[in-house]
Amino acid sequence: MSPQQDSPESPEAIEAAANAQRAQLVDDVELLAARLAPRALSSTVRRSAQETVAAVRERTLTGAARLTACANPRRDDPLVHEAHGSAGVERTCCGRAVAAVAGLRPAPIRERLTRLLQDARDGEPGSLAVVTGAALVLAGVGAVAVLRTVRR
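The structure reproduced in this document is the subject of the present report. (Residues numbered from 1 in each chain as written. Predicted model: local features only at pLDDT ≥ 70, side-chain atom pairs only at ≥ 80, totals over all residues. Heavy atoms only, no water.)

Some remarks on the environment of V131
Then step 1. With respect to the element layout, V131 can be found in helix α6 (residues 125-151).
Then step 2. Considered as a pair, V131 and L117 are 14 residues apart in the sequence and their alpha carbons are 7.3 Å apart. (Helix = DSSP H or I, 4+ residues; strand = E, 2+ residues; numbered from the N terminus.)

Observations concerning the side chain of S127
Then step 1. Within the secondary structure, S127 sits in helix α6.
Then step 2. In this structure S127 comes out as buried when scored by relative accessible area, which is 5%.
Then step 3. In this view, S127 contacts L116, D119 and A120; residues no more than four positions away in its chain are not counted. (Buried < 20%, exposed > 50% of the residue type's maximum accessible area, 1.4 Å probe, protein only. Contact = heavy atoms within 4.5 Å.)

Thoughts on the pattern of salt bridges
Then step 1. Counting across every chain of the model gives one salt bridge.
Then step 2. Residue R115 pairs with D119 through a salt bridge whose shortest N-O separation is 3.7 Å. Of the two residues, R115 and D119 both sit in helix α5 (residues 109-122), four residues apart, roughly one turn of that helix. (Salt bridge = Lys/Arg side-chain N within 4 Å of Asp/Glu carboxyl O.)

All quantities given are derived from atomic positions and should not be read as evidence of function.
Now the structure itself:
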């Protein structure tokens, strides 16, 4: 074995590596001190709390808007009419949905059936299902009535 292979590195290389490690250690300590300083911690916590509050506020407003849209009746819906004498109904914050629904009444059955049949003709799946089911029930009832009449 040669003497150069046994010796690790030159003293200058070892000293340079030690200086680089010291510099890195100083940077790390300064970074930790900045992160753990009371003012830095309080500003980080404050910023995080503000972001959380903003996110919760946004979700709350979105949910409230959805609930309001669902609770408020659609006055332009042809199947919903204002009840007689509902002009004096006050809509408060807490009773908004109750007051809004209290001033409405369903459309007459004739209008509702007409609308159902028109929707079925237009191909609306829910209306088609209702009309088909009603037709099958009527056909079944009619067949039973005919059979009973023939047997007598």
